[in-house]
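Architecture and fold: a report
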Amino acid sequence: MPAPPCAVCHAARAALRRPRSGQALCGPCFCAAFEAEVLHTVLAGSLLPPGAVVAVGASGGKDSTVLAHVLRELAPRLGISLQLVAVDEGIGGYRDAALAAVRRQAARWELPLTVVAYADLFGGWTMDAVARSTAGSGRSRACCTFCGVLRRRALEEGARLVRATHIVTGHNADDMAETVLMNFLRGDTGRLARGGGLGSPGEGGALPRCRPLQLASQKEVVLYAHFRRLDYFSEECVYAPEAFRAHARDLLKSLEAARPSVVLDLVHSAEHLALAPTAQPPPPGACTRCGALASRSLCQACALLDGLDRGRPRLAIGKGRRGLDEGAPRARAQPPPAAVLPDF
Ligand SMILES: Nc1ncnc2c1ncn2[C@@H]1O[C@H](COP(=O)(O)OP(=O)(O)OP(=O)(O)O)[C@@H](O)[C@H]1O
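Residues numbered from 1 in each chain as written. Predicted model: local features only at pLDDT ≥ 70, side-chain atom pairs only at ≥ 80, totals over all residues. Heavy atoms only, no water.

1. Comments concerning helix 12 (residues 300-309)
- Burial runs high along helix 12: 8 of the 10 residues are buried.
- Listed as buried for helix 12 are Ala301, Cys302, Ala303, Leu304, Leu305, Asp306, Gly307 and Leu308.
- The first or second residue beyond helix 12 is Gly311, which carries a positive phi of 70°. (Buried < 20%, exposed > 50% of the residue type's maximum accessible area, 1.4 Å probe, protein only. Helix = DSSP H or I, 4+ residues; strand = E, 2+ residues; numbered from the N terminus.)

What follows is the structure, encoded as structure tokens:
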């Protein structure tokens, strides 16, 4: 049976059905609709004001590739300028190839690119070194948590280097729903409280961050990349299979089969979640070491690096940070407190 005509232009044959609405569209009309929806997200949420210098977290993967491409299309209408900022986490056999994709994008789209490396920013620590230092202890499963904390800091540093006023990342609706699900499963009320909305306004001197693709489904991101013929890097990080996120992703897929709206429902439920006062995280202050936003005496990145330097990475994040906040270094022989490192 021939494909139906495109529901928008009625001229071309439809090339896809939109996963959520079932609308049959041709490739160009789908791409135009996708871009219009991202524009609406940005304008409705006042995410990127005219004049903003926007640092795009560019990983070379599909999401940030699509984000950079869409924002480049929308930049004249939004009155913003773009800078690509890529973080080299020091993951052998993975990040080099991804960075090559980012370099090709920057050249093709004539966008300035800045690369910042963990090794330069964090006293020589690379993700491979972190993984080695935590291997054999069961803590290597937490690589994604370690990496997420350091990457957030690195992206902030890179954005400041290029004098950006805003940071954007390519998280899509599926990424956000997985995060909400993981936070629920871990009972992490602090993160649930922070997880809603399309971004953070930039408290405590941090640059405002947002996720313009947060309402776009992963399937549509892939379709957009396909119809715009975008060149991106599609391999999974070598440490990702160990992460808890992989379980959340599987669970979400089964839930989606039973209830197709579950991804957006989860994203919206996090936006509207009201926490009891006792469940709310402590008010943010400044890290005593680097001055960044922190809810304890050390920010997450400094706590993590401190733990790694002392050979006690387990103390670094989350429920096991009590010792660090007391300030006094512990003897290595002391047994670590029973703490669980959540991963992103
Ligand atoms: N190495 C990096 N350098 C710069 N930004 C990054 C890097 N890694 C991730 N990001 C930013 O964080 C977002 C989420 O990354 P993550 O790896 O969690 O998800 P993803 O769905 O695989 O994203 P992508 O497809 O863009 O790689 C990315 O879209 C990108 O904007």
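Still more to cover.
2. A word on the pattern of salt bridges
- For the structure shown, the criterion picks out 16 salt bridges.
- One salt bridge in this structure joins Glu35 and Arg228, with 2.8 Å as the shortest N-O distance. Here Glu35, found in helix 1 (residues 27-44), pairs with Arg228, found in the loop between helix 9 (218-227) and helix 10 (245-258); they are 193 residues apart in sequence, far enough to count as distant.
- Assessed through its relative accessible area of 30%, Arg228 is described here as partly exposed.
- Asp306 is the salt-bridge partner of Arg310, the closest N and O atoms lying 2.7 Å from each other. (Salt bridge = Lys/Arg side-chain N within 4 Å of Asp/Glu carboxyl O.)

3. Thoughts on the packing of aromatic side chains
- Taken as a whole, this structure holds 5 aromatic pairs when the rule is applied.
- An aromatic cluster of three or more residues is present, and its members are Phe30, Phe34, Tyr224 and Phe227. (Phe/Tyr/Trp six-rings, centres within 6.5 Å; stacked < 30°, edge-to-face > 60°.)

4. Some words on the UniProt feature "binding site: ATP" (unreviewed entry) in the chain
- UniProt's feature table lists "binding site: ATP" (unreviewed entry) at Gly57, Ala58, Ser59, Asp63, Val87, Gly170 and Asp175, given in the numbering used throughout.
- Positionally, Asp63 belongs in helix 2 (residues 62-78).
- The contact partners of Asp63, leaving out residues within four places of it in the chain, are Gly170, Asn172, Asp175, Leu213 and Val221.
- Among the secondary structure elements, Asp175 is positioned in helix 7 (residues 173-186).
- Not counting the four nearest positions on each side in its chain, Asp175 is found in contact with Asp63, Gly170, Gln218 and Arg245. (UniProt positions renumbered as here; feature names shortened; annotations may be inferred. Contact = heavy atoms within 4.5 Å.)

5. A few points about the side chain of Arg209
- Examined against the element boundaries, Arg209 turns out to sit in strand 8 (residues 209-210).
- By relative accessible area, Arg209 is classed as buried at 12%.

6. Description of the site of the ligand
- Neighbouring the ligand are 18 residues; Gly57, Ser59, Asp63, Ser64 and Val87 lie closest to it.
- A distance of 3.1 Å separates an oxygen atom of the ligand from a polar backbone atom of Lys62.
- Protein contacts shield 82% of the accessible area of the ligand, which totals 580 Å² for the unbound molecule.
- Here the residues of the shell around the ligand are counted per class, giving 5 nonpolar, 7 polar and 6 charged. (Near = heavy atom within 4 Å. Polar contact = N/O pair within 3.5 Å; in protein donor to acceptor, adjacent residues only side chain to side chain. Areas by Shrake-Rupley, 256 points an atom, 1.4 Å probe, with all protein chains shown as cover. Nonpolar A, V, L, I, M, F, W, Y, C, P; charged D, E, K, R; others polar.)

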